[in-house]
Amino acid sequence: MDVTRSEIAALAAQLIADSGMDYQSAKRKAARDVLGEGRIGGASLPDNDLVDHFLLEHLALFDPDHGTRVARYRALALTWMERLQAFNPYLTGAAWKGIVAAHASVHLQLFTDDQKELEIRMIDDRIDYDVAEFPHFAGHGEVPAFHFETQDVPMLLTLYAYDDLRGALRKRLPRDGQSGPARAGRGNRDAVQALLR
């Protein structure tokens, strides 16, 4: 099963890099391609960490602009974190991990109890945005998500209650159960500045 999961993960990584698919859709399509049609249980699918491993490998081999793109996305994230400092921004996703496919977004998580203030700020800054729902990182339903583009880069701002910040800062242990450093899934402005250095 581990070989099959790796095969699914490698194919999913290629779909993410080449087609801009999200992780869940890419894993399901890859599983159908590997296992055939029919019901595919969640236990058959690789976790995102394994997909990330193959995605980074794929980008290193086939995308000579990857390193430049990572630096550009992180610098843009830092600019927006400074602009949105009042909303307690944290960088997460592709730019935080340093695995940025061509179709990826800069994903900032904002922690505030004043969604209306953010909307007013976006309108005042003449940002043309769309609002949708996005899964809560802790599985607690969905949260508002603001999508827009700046400097030809897709931006995603997800809005959480301020109290969610405490749960967001807990470090998670590797899923494989092996001992090793805990990994945070996001970083504040100081952490992003450190990455850029």
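Scope of this entry: the structure provided in the associated data block.

Rules used throughout
Residues numbered from 1 in each chain as written. Predicted model: local features only at pLDDT ≥ 70, side-chain atom pairs only at ≥ 80, totals over all residues. Heavy atoms only, no water. Phe/Tyr/Trp six-rings, centres within 6.5 Å; stacked < 30°, edge-to-face > 60°. Helix = DSSP H or I, 4+ residues; strand = E, 2+ residues; numbered from the N terminus. Buried < 20%, exposed > 50% of the residue type's maximum accessible area, 1.4 Å probe, protein only. Lys NZ or Arg CZ within 6 Å of the ring centre and 35° of its normal. Pairing = 2+ DSSP bridges. Contact = heavy atoms within 4.5 Å. Axes fitted to C-alpha atoms, helices over the stretch in contact; angles between N-to-C directions. Salt bridge = Lys/Arg side-chain N within 4 Å of Asp/Glu carboxyl O. Parallel < 35°, antiparallel > 145°, perpendicular 65-115°, else oblique. Left-handed = near helix turned anticlockwise from the far one by under 90°. Nonpolar A, V, L, I, M, F, W, Y, C, P; charged D, E, K, R; others polar.

A full pass over the atoms with the stated rule returns 6 aromatic pairs. With centroids separated by 6.4 Å and ring planes inclined at 65 degrees, the aromatic side chains of Phe 111 and Phe 137 adopt a geometry described as edge-to-face. A residue pair is termed long-range when its members are at least 10 positions apart, and Phe 111 in strand E2 (residues 106-111) and Phe 137 in the loop between strand E3 (130-135) and strand E4 (142-150) qualify at 26 residues. Look at Phe 111 and you get buried, because its relative accessible area is 0%. Ring centres of Phe 111 and Tyr 160 lie 5.4 Å apart, and the angle between their planes is 25 degrees; on these two criteria the pair is classed as stacked. Taken as a pair, Phe 111 in strand E2 and Tyr 160 in strand E5 (residues 153-160) lie far apart in primary sequence, 49 residues in all. Its guanidinium or amino end placed over the ring of Trp 80, Arg 83 lies 4.0 Å from that ring's centre, counting from NZ or CZ. Sitting over the face of the ring of Phe 137, Arg 186 holds its NZ or CZ atom 4.7 Å from the ring centroid.

Our next topic: the sheet that holds strand E1 (residues 90-92). Spatial strand order, E3-E4-E5-E2-E1-E6: 6 strands in an open sheet with mixed pairing. Strands at the two margins of the open sheet, each flanked by one partner only, are E3 and strand E6 (186-187). For E1 and E2, the ladder comprises 3 bridges, and the chain directions are antiparallel. From the neighbouring strand, Thr 92 faces E2, where its bridge partner is His 107. Strands in contact with helix H6 (residues 115-124) are E2, E4 and E5; relative to E4, the strand with the most contacts, it is inclined by about 15 degrees.

Considering all chains together, one arrives at 6 salt bridges under this definition. Residue Lys 29 pairs with Asp 33 through a salt bridge whose shortest N-O separation is 3.4 Å. Taken together, the residues span about one helical turn, with Lys 29 and Asp 33 both in helix H2 (residues 23-35) at a distance of 4 residues. Of the residues examined, Lys 29 reaches a relative accessible area of 30% and is grouped as partly exposed. For Arg 83, the salt bridge is made with Asp 125, and the minimal N-O distance between the two is 3.2 Å. Here Arg 83, found in helix H4 (residues 66-83), pairs with Asp 125, found in the loop between H6 and E3; they are 42 residues apart in sequence, far enough to count as distant. The partly exposed category is assigned to Arg 83, whose relative accessible area is 33%. Linked by salt bridges that have partners in common, Arg 83, Arg 121 and Asp 125 make up one network.

Bringing the packing of helix H1 (residues 2-19) against H2 into the picture now. For the pair H1 and H2, the least separation of the axes is 8 Å and the interaxial angle reads 125 degrees. Classed by the angle they form, the pair H1 and H2 counts as oblique. Here H1 and H2 pass one another in a crossing that is right-handed. In contact with Thr 4, Glu 7, Ile 8, Leu 11, Ala 12, Leu 15 and Ile 16 of H1, H2 contributes Tyr 23, Ala 26, Lys 27, Lys 29, Ala 30, Ala 31, Asp 33, Val 34 and Leu 35. Considering only residue class, the contact of H1 with H2 consists of 11 nonpolar, 1 polar and 4 charged.

Looking at the secondary structure, you find His 136 in the loop between E3 and E4. Aside from chain neighbours lying at most four places away, what touches His 136 is Gly 141, Glu 142, Val 143, Tyr 160 and Asp 164.

What follows deals with the packing of H1 against helix H3 (residues 48-62). It is the contact of H1 with H3, at a shortest axis distance of 8 Å, that shows an interaxial angle of 55 degrees. Taken together, the axes of H1 and H3 are oblique relative to one another. When the axes of H1 and H3 are compared, the crossing they make is right-handed. Two secondary-structure elements touch here, H1 through Arg 5, Ser 6, Ala 9, Ala 10, Ala 12, Ala 13, Gln 14, Ile 16, Ala 17 and Asp 18 and H3 through Leu 50, Val 51, Phe 54, Leu 55, His 58 and Leu 59. Residues that form the contact of H1 with H3 fall into these classes: 11 nonpolar, 3 polar and 2 charged.

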